[in-house]
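Chain and residue survey
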Protein chains: 2
Amino acid sequence: MSELALSSDRSVTARGVRAAAQRLAGHIVRTPLLENDRLNDIAGGRVLLKAEVLQRGGSFKLRGAYNLISQLPAEARARGVVAWSSGNHATGVAIAARAFDCPAVIVMPSDAPAVKTENVRALGAEIIWYDRYSDDREAIGCAISEDRGMTLVPSYDHADIIEGQGTVALEAMEQAGAAIDRFVICCGGGGLTAGCATILEDIAPGTEVWIAEPEDFDETWASIKAGKRLTADPTKKTICDAIATPAPGRLTFPILKRRVSGGATVSESEVRRAMAFGFRRLKLVLEPGGAAALAAVLAGKIPTRGTTTIVTLSGGNVDPALFTSILRDGENFG
Amino acid sequence: MSELALSSDRSVTARGVRAAAQRLAGHIVRTPLLENDRLNDIAGGRVLLKAEVLQRGGSFKLRGAYNLISQLPAEARARGVVAWSSGNHATGVAIAARAFDCPAVIVMPSDAPAVKTENVRALGAEIIWYDRYSDDREAIGCAISEDRGMTLVPSYDHADIIEGQGTVALEAMEQAGAAIDRFVICCGGGGLTAGCATILEDIAPGTEVWIAEPEDFDETWASIKAGKRLTADPTKKTICDAIATPAPGRLTFPILKRRVSGGATVSESEVRRAMAFGFRRLKLVLEPGGAAALAAVLAGKIPTRGTTTIVTLSGGNVDPALFTSILRDGENFG
């Protein structure tokens with residue numbers, strides 16, 4: 001694991017994000033930057049939507065995973081990779097691993113949503129189940145890494161992962177072809193935010209970075225304000241499973257602290273409204289965690305008026321039953 | 001109405017499609033051409049999806065309406081336009097009319113889906129209701145046209161409309177950057193198909209044009225085989241409301257007869273499966289009529305193997321209750 005530790009501790013750089021973009025070219029979808037009349041009306045400004053729900057695997061996670069795995073030496077790839085995740089990171093790792101004929105083990109909770117476990121299994125990854133209430137998934141993952149010589153692929157706290165995710169902002173700014181006042185990101189451990197913030201600092205230093213977090217898991221903005229890493233109560237529940245991370249990362253936090261200008265906390269009903277708006281107006285399927293930034297805009301929690309804002313739609317892997325319950329709630333359609 | 005008749009009777013040309021593209025630039029969404037790993041696996045070839053669900057108004061219909069209305073003389077625009085439609089064409093006309101500060105009257109059935117009538121009303125168009133079973137909507141529309149001096153905007157049988165819709169294929173071919181073996185289109189009255197066929201004949205004469213139609217409304221392919229316009233039984237029911245047209249158009253049919261190589265009829269369950277696939281794999285909301293071409297591919301009714309095919313996803317304005325019923329049908333998820 002010394003190789004991993006070394007790589008993981010190097011600085012995240014804009015040059016690294018650019019190099020990641022070159023590695024990813026032709027292997028990921030250059031997802032569209034969309035605009036919607038009704039959303040502009042509500043926001044009182046221009047809102048451009050970076051639709052990572054249209055990425056391979058249904059979220060941005062392939063970017064970081066591909067960037068890391070593509071840089072592994074051939075012998076490490078032959079031994080394989082291991083990751084723990086209940087969803088989108090698992091799918092990203094499985095797709096990237098398959099592209100390099102690299103074995104992949106994913107440590108998943110036994111109660112993970114079927115939609116996400118089926119994705120991983122169909123991609124040929126090996127699933128090791130753990131009990132969310134009694135097992136330590138990191139210990140299981142590290143033991144597999146040691147025993148089988150497999151490289152750990154962290155979900156956010158690794159320079160290669162962060163730089164891979166940063167290609168979202170690099171692409172979006174190229175596509176926008178306009179001055180962007182702010183960039184709003186759905187934030188969990190902070191990999192996507194840190195990567196985007198790093199490249200934006202270089203190519204558009206005047207563009208503000210904002211984060212959106214769900215109620216009870218808004219410890220990142222609280223940490224930034226406090227100047228130190230705070231922890232959310234991990235026993236709380238949220239529908240935003242993809243970004244229900246209890247604390248900002250060790251590598252991501254210093255970047256977030258330096259570069260994030262504002263944070264918005266969104267309630268469950270605001271997230272549901274954003275998902276309904278996605279269905280009704282955008283014709284996009286959004287998962288709760290991937291709709292948080294849009295929810296913040298729709299709820300008026302981001303200063304969009306008279307400005308141009310890019311909003312990430314970061315994932316769309318949602319359980320049909322949950323989606324149905326949101327569609328039934330007709331009054332949410334805006 | 002002599003002006004309309006004149007314009008409507010001129011030939012549809014590739015040059016007209018190119019001129020339409022110039023008129024539309026900056027006013028419509030250049031919708032993305034998407035690709036999906038799972039769909040390629042099922043098709044045994046490359047399938048590129050032209051996602052017109054992401055168009056303004058949720059379908060391709062804005063293209064034709066904008067192309068027609070933008071060419072009206074100022075005094076005709078000031079008098080306004082009138083159209084009959086239960087859905088997507090109505091929305092396209094309403095958006096285009098608003099862009100030119102042009103009054104719009106839409107003749108709609110009193111039982112039209114709420115999702116579609118709300119779109120039209122929110123865009124500031126005047127709605128005139130008619131009873132689907134006792135009133136003649138064409139007579140109502142023509143009377144309004146005469147009385148108020150408003151220009152009729154037909155839903156497909158007009159050169160400006162057909163050429164506007166043809167920009168879908170022009171854009172898709174520019175985006176594809178590869179040789180395309182066939183182009184598969186959801187077909188109702190044939191406006192989209194005739195427009196696409198016209199421009200493809202010019203820029204890619206080797207690309208086959210295929211149509212997909214719903215059961216009981218597959219009279220276009222039957223007409224092409226018979227060499228004359230046949231009529232479907234209009235009392236039949238289909239969930240594909242957007243393409244449940246009882247006969248190919250007077251202007252569209254000669255083009256279709258000359259250029260369409262193949263037709264596929266899709267069942268209701270095949271359409272539902274395609275909509276579920278849209279949710280599960282593509283993260284796109286498809287309406288039944290907009291999913292017909294994808295349904296034909298998923299059902300193996302298009303010879304996709306070893307070739308490259310473009311498929312239109314032509315609309316996404318679907319009732320939440322219908323969408324819910326499709327999501328509940330878990331076995332449809334492929």
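Residues numbered from 1 in each chain as written. Chains lettered and ligands numbered in written order. Predicted model: local features only at pLDDT ≥ 70, side-chain atom pairs only at ≥ 80, totals over all residues. Heavy atoms only, no water.

Side note on the overall build of chain A
- Assigned secondary structure in chain A consists of 15 helices and 10 strands.
- Here chain A has a C-alpha radius of gyration of 19 Å; the compact-globule value for 334 residues is 20 Å, and the two agree.
- Dimensions along the principal axes, computed over C-alpha positions, put chain A at roughly 55 × 45 × 40 Å.
- The burial tally for chain A puts 62% of its 334 residues in the buried class.
- Partitioning the intrachain contacts of chain A with sequence separation of at least 6 by distance along the chain shows that 74% fall at a separation of at least 24.
- Just so you have it, chain A exposes about 12,100 Å², and 47% of that area is on carbon and sulfur atoms. (Helix = DSSP H or I, 4+ residues; strand = E, 2+ residues; numbered from the N terminus. Rg over C-alpha atoms; globule rule 2.2 N^0.38 Å. Buried < 20%, exposed > 50% of the residue type's maximum accessible area, 1.4 Å probe, protein only. Contact = heavy atoms within 4.5 Å. Areas by Shrake-Rupley, 256 points an atom, 1.4 Å probe, with all protein chains shown as cover.)

Comments concerning the relation of the copies chain B and chain A
- Placing chain B over chain A gives an RMSD of 0.0 Å and needs a rotation angle of 180°, together with 0.0 Å of translation along the axis. Such values leave the two copies arranged in the relation of a two-fold axis. Considering only C-alpha atoms, the residue of chain B closest to the rotation axis is L284(B), which sits at 2.4 Å. (Least-squares fit on C-alpha atoms with pLDDT ≥ 70 in both.)

Focus: helix α4 (residues 61–69) of chain B
Residues and elements named next belong to chain B.
- The buried fraction of α4 is high, at nine of nine residues.
- By the burial criterion, the buried members of α4 are K61, L62, R63, G64, A65, Y66, N67, L68 and I69.
- Considering only its buried residues, α4 is in contact with α2 (14–24), β2 (46–51), α5 (74–79), β3 (81–84), α6 (88–99) and α9 (159–176).

Looking at the packing of helix α2 (residues 14–24) of chain A against helix α10 (residues 191–203) of chain A
Residues and elements named next belong to chain A.
- Running from N to C, α2 and α10 cross one another at 110°; their axes reach a closest spacing of 8 Å. As summarised for this structure, α2 and α10 are arranged roughly perpendicular, according to the angle between their axes. On the side of α2, the interface is formed by A14, V17 and R18, while α10 contributes G195, T198, I199, D202 and I203. (Axes fitted to C-alpha atoms, helices over the stretch in contact; angles between N-to-C directions. Parallel < 35°, antiparallel > 145°, perpendicular 65-115°, else oblique.)

What about the interface of chain B and chain A?
- The partner chain A presents 26 residues to the 26 residues of chain B that form the contact.
- Buried surface at the junction of chain B and chain A, summed over both partners, amounts to about 2,400 Å²; 59% is from carbon and sulfur atoms.
- Of all residues in chain B, F279(B), R280(B) and K283(B) give up the largest surface area on contact with chain A, accounting jointly for 26% of the area buried on that side.
- The interface formed by chain B and chain A includes four salt bridges.
- Residue R56(A) is joined to D37(B) by a salt bridge in which the shortest nitrogen-to-oxygen separation is 2.7 Å.
- Run the count over chain B and chain A and you get 12 residue pairs in polar contact (both at pLDDT 80 or more).
- When contributions to the side of chain B that touches chain A are tallied by element, the ones reaching two or more residues are α7 (114–122), α13 (268–282) and α15 (320–328) of chain B.
- It is α15(B) that contributes the most residues to the side of chain B that touches chain A, five residues altogether. (Buried area = accessible area lost by both parts, 1.4 Å probe. Salt bridge = Lys/Arg side-chain N within 4 Å of Asp/Glu carboxyl O. Polar contact = N/O pair within 3.5 Å; in protein donor to acceptor, adjacent residues only side chain to side chain.)

A closer look at the nonpolar core
- One finds L284(A), L294(A), F323(A), L284(B), L294(B) and F323(B) to be the most contacted residues of the largest nonpolar core, which totals 84 residues.
- Setting aside chain neighbours within four positions, we find L294(B) in contact with L39(B), L49(B), A274(B), F277(B), L282(B), L286(B), V311(B) and L313(B). (Core = buried A, V, L, I, M, F, W, Y, C linked by side-chain atoms within 4.5 Å.)

Re the pairing of strand β10 (residues 308–313) of chain A
All names here are of chain A.
- The buried fraction of β10 amounts to six of the six residues, a majority that puts the element mostly inside the structure.
- Here β10 shows a buried face lined by T308, I310 and T312 and a second buried face lined by T309, V311 and L313.
- The sheet contact formed by strand β2 (residues 46–51) and β10 spans six bridges and is parallel. Pairing of R46 across the sheet is with T308, part of β10.
- Summarising the sheet, strand β7 (residues 182–186) and β10 pair through three bridges and their orientation is parallel. Bridge pairing in β10 links V184 to V311. (Pairing = 2+ DSSP bridges.)

Digging into the domain arrangement of chain A
All names here are of chain A.
- You can read the domains of chain A as domain 1 (14–59 + 160–329) and domain 2 (62–157).
- Domain 1 and domain 2 are separated by 23 Å when their C-alpha centres are compared.
- The interface of domain 1 with domain 2 comprises 36 residues on the first partner and 21 residues on the second.
- Regarding the contact of domain 1 and domain 2, the summed buried area is about 2,300 Å², with carbon and sulfur atoms giving 52% of it.
- For domain 1, the biggest contributors to the area lost against domain 2 are R23, D160 and I161; these three give 27% of the whole.
- At the boundary of domain 1 with domain 2, the tally comes to four salt bridges.
- With a closest N to O distance of 3.2 Å, E287 and K116 form a salt bridge.
- Taken together, domain 1 and domain 2 are joined by 14 residue pairs in polar contact (both at pLDDT 80 or more).
- Residue classes in the side of domain 1 that touches domain 2 are distributed as 11 nonpolar, 14 polar and 11 charged. (Domains from an automatic or database assignment. Nonpolar A, V, L, I, M, F, W, Y, C, P; charged D, E, K, R; others polar.)

Notes on the sheet that holds strand β4 (residues 104–109) of chain B
Residues and elements named next belong to chain B.
- Strand order across the open sheet formed by four strands is β5-β4-β3-β6, with parallel pairing between neighbours. Of all the strands in the sheet, the pair left with one neighbour each is β5 (126–130) and β6 (151–152).
- Inspection of the sheet shows β3 paired to β4 by four bridges, in the parallel sense. Residue W84 lies in a different strand from β4, and its bridge partner there is V107.
- Contacts from α6 reach β3 and β4, with the element oriented near 165° to β3.

Describing the sheet that holds strand β5 (residues 126–130) of chain A
All names here are of chain A.
- Sheet architecture is open: four strands sit in the order β5-β4-β3-β6, paired in parallel fashion. Each end of this open sheet is capped by a strand with a single partner; those strands are β5 and β6 (151–152).
- Note that strand β4 (residues 104–109) and β5 share five bridges and pair parallel. Considered in β5, the bridge of I106 is made with I127.
- The sheet contacts of helix α7 (residues 114–122) involve β4 and β5, and relative to β5 the element is tilted by about 145°.

So, the pattern of salt bridges
Residues and elements named next belong to chain B.
- By the definition in use, this model includes 32 salt bridges over all chains.
- Residue E171 is joined to K50 by a salt bridge in which the shortest nitrogen-to-oxygen separation is 2.6 Å. Placement of E171 in helix α9 and of K50 in strand β2 is noted, with a sequence separation of 121 residues between them. Like K50, E171 is buried.
- Notably, a salt bridge pairs D241 with K116, separated by 2.7 Å at the nearest N-O pair. Placement of D241 in the loop between α11 (219–226) and α12 (252–259) and of K116 in helix α7 is noted, with a sequence separation of 125 residues between them.
- We classify K116 as buried; its relative accessible area is 2%.

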